[in-house]
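# Inside the fold
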Amino acid sequence: VSFVRASHRPLHKMEITCKEANVAGNANSFDWFPAEQGLYNPKHEKDSCGVGMIADLAGAASRSIVESALLILENLDHRGARGCEVDTGDGAGILCAMPDSFMRRKFQELGVELPPQKSYAIGNVFLPRVEARRAEGKRIFESTCASIPGLRFVAWREVPVCSDCLGKTARSFEPAIEQCLVVGSGPLATDARRFEAALFVLRKKAAKAASEAADTPLYICSLSSRVINYKGMLTCPGLARYFPDLLEDDFQSHVALVHSRFSTNTFPSWRRAHPFRYICHNGEINTLRGNINAMRSREGLMQSSVLGPQLAECFPLVELDQTDSGIFDNVLEVMTLAGRSLPEAMLMMMPQAWENSRAVPDEWKDFFRFNAALMEPWDGPALICFTDGSGVGASLDRNGLRPCRYYVTKDNKIILSSECGVLPDIPAEDILQKGRLSPGKMLWADFSDGRLAHDGEIKQKLAVSQPWGSWISKESISMAALVQSQGDVPGVGRASPASQRPGVDNGQLERLRAFGYSHESLELLLLPMGRDGEEALGSMGNDAPLACLSRQPRSAFDYFYQLFAQVTNPPIDPIR
């Protein structure tokens, strides 16, 4: 399938045929990717898309929020991609608050009375289409639920879909979609945080058990008492056609995030469509490999008062076969389950450029410096919208490489998107404020407050919430203090006499040669760092072969390079 944008402009994406994809034998799977080959590796799958968001700042659910969100999505169609079949899209979806009235009516038709809101959870689950495999996937989910104290599985509901609106490729990998109903009992019925944590354990354990069973793919799109998402390998206009639930009058929400996917240099997928459980994302995470390695290395030291010993059963915390956006969502979820607010967790993962800025207050720097010891930045061009049902927000990467515009209207709604005009019929006199997110900035609306908080207010509140600076001064060791304490050691601290300085005239030539150092690396790289305290800058072509292909001995450092964007970014060199 040759993929093109909605405007049908050809793209340089891999071409596959239905025969190569083996779609005829795909009854047990709803995702397909080629095996690792040549320069292609499934681990490098990324997204670049359009996002939209609308919410009632007072938290009042209405049908108009859902209808407006679907209109925003249709108007973002040009930011997604689709196949040569006009009804095969890279992906589209919506994440909204749990539509309580709608769910009560639908499960009542099945003879099930729902308990009070927030004490039950519903999620959309992708299952195999083959009946025997589907039954096995459901059995795995139910048995896993029974093993977790305080959770009780109640019922399945088959989600109505319109498969006729799918293109041939999308339909070939279409999953069976059912909704699971899980109820909290005992302490979990009244403790929302522990209920969500138990649902997290259920989702992770069920997915792990299914992965160990033959031909039983199982993907839980979301499982929460607060939010639910509908998504798939769909076009933007096709989302509402495929899911008739979204067109029901009592399907109401106070917040909705929508996403139009453009799977950059990658393959479309039902599972990898956005939104995920907390976010939708336009951009890519360039530091992903290092971020994943750091998260995996932390697992041996992690502990949680909420998850207890069940935390270890959830490893790995990141879904290694997801895209960069999905993995970001995994980590954000863990951070919030640990007790952090969504804005705090987002600022830990996507901090602004703070370290050398005189415009950043000292108490903000203390916050960022303390949390930098806990979480490294997830860097790259990114506009991320996020919600947990109790609030909604958006954040932009510190280089500002993705657009974000927003309106706040007089009827207390916020509308935010990758571009202006996604809701074209808003009279100018009804707009209370409008603006754009700047690099490293954030906005957040807590529905219990009923208003929009901007970047300075959010960060100031977090900066004074804990004695970050005091903790840093008491517990950290700076390089300056270390050097001062070792001032009498030759070569450390105060300058040593010339006769004691290491160098090529002091028996060091053989060692330098053995470790791959050259005169150029000493004079052009190391000398400026030692003399000026900064890395040397240069602009010249490098015709030396990669270290892994070179026949000459090379330094170990030559084998490691930081990855950067694979897609075109705005030309920022003149302002760097």
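Residues numbered from 1 in each chain as written. Predicted model: local features only at pLDDT ≥ 70, side-chain atom pairs only at ≥ 80, totals over all residues. Heavy atoms only, no water.

## Quick look at the nonpolar core
Counting residues in each nonpolar core, the largest one holds 49 residues, and the members touching the most others are Ile94, Met103, Tyr230 and Phe243. Of all the secondary structure elements, the ones that give two or more residues to this core are helix H2 (63-75), strand E4 (92-97), helix H3 (100-108), strand E5 (120-127), strand E7 (176-184), strand E9 (227-232), helix H7 (238-242) and strand E10 (255-260). In terms of residues, this core owes the most to one element, H2, which gives six residues. Counting 36 residues, the second largest nonpolar core, distinct from the first, contains Met346, Leu347, Met349 and Leu462. (Core = buried A, V, L, I, M, F, W, Y, C linked by side-chain atoms within 4.5 Å. Buried < 20%, exposed > 50% of the residue type's maximum accessible area, 1.4 Å probe, protein only. Helix = DSSP H or I, 4+ residues; strand = E, 2+ residues; numbered from the N terminus.)

## A short note on the sheet that holds E10
The strands making up a sheet associate through backbone hydrogen bonding, with each pair oriented either parallel or antiparallel. Taken together, the seven strands give an open sheet; going across it, the order is E9-E4-E10-E2-E15-E14-E16, and neighbouring strands pair in antiparallel fashion. Each edge of the open sheet is held by one strand with a lone partner, namely E9 and strand E16 (431-436). Taken pair by pair, the neighbouring strands of this sheet meet at an average axis angle of 10 degrees, ignoring direction. Sheet analysis places E4 next to E10, joined by five bridges and oriented antiparallel. Within the sheet, the bridge partner assigned to Leu95 lies in E10 and is Leu257. (Pairing = 2+ DSSP bridges. Axes fitted to C-alpha atoms, helices over the stretch in contact; angles between N-to-C directions.)

## Details of the packing of helix H6 (residues 192-211) against helix H9 (residues 324-337)
As a packed pair, H6 and H9 sit with axes 10 Å apart at the nearest point and diverge in direction by 145 degrees. The two elements H6 and H9 meet at a crossing, and its hand is left-handed. The segment H6 lies against H9, with Arg193, Glu196, Ala197, Phe200 and Arg203 engaging Glu333, Val334 and Leu337. Partitioned by chemical class, the residues of the contact of H6 with H9 number four nonpolar, no polar and four charged. (Left-handed = near helix turned anticlockwise from the far one by under 90°. Contact = heavy atoms within 4.5 Å. Nonpolar A, V, L, I, M, F, W, Y, C, P; charged D, E, K, R; others polar.)

Keep in mind these numbers describe shape, not what the thing actually does.
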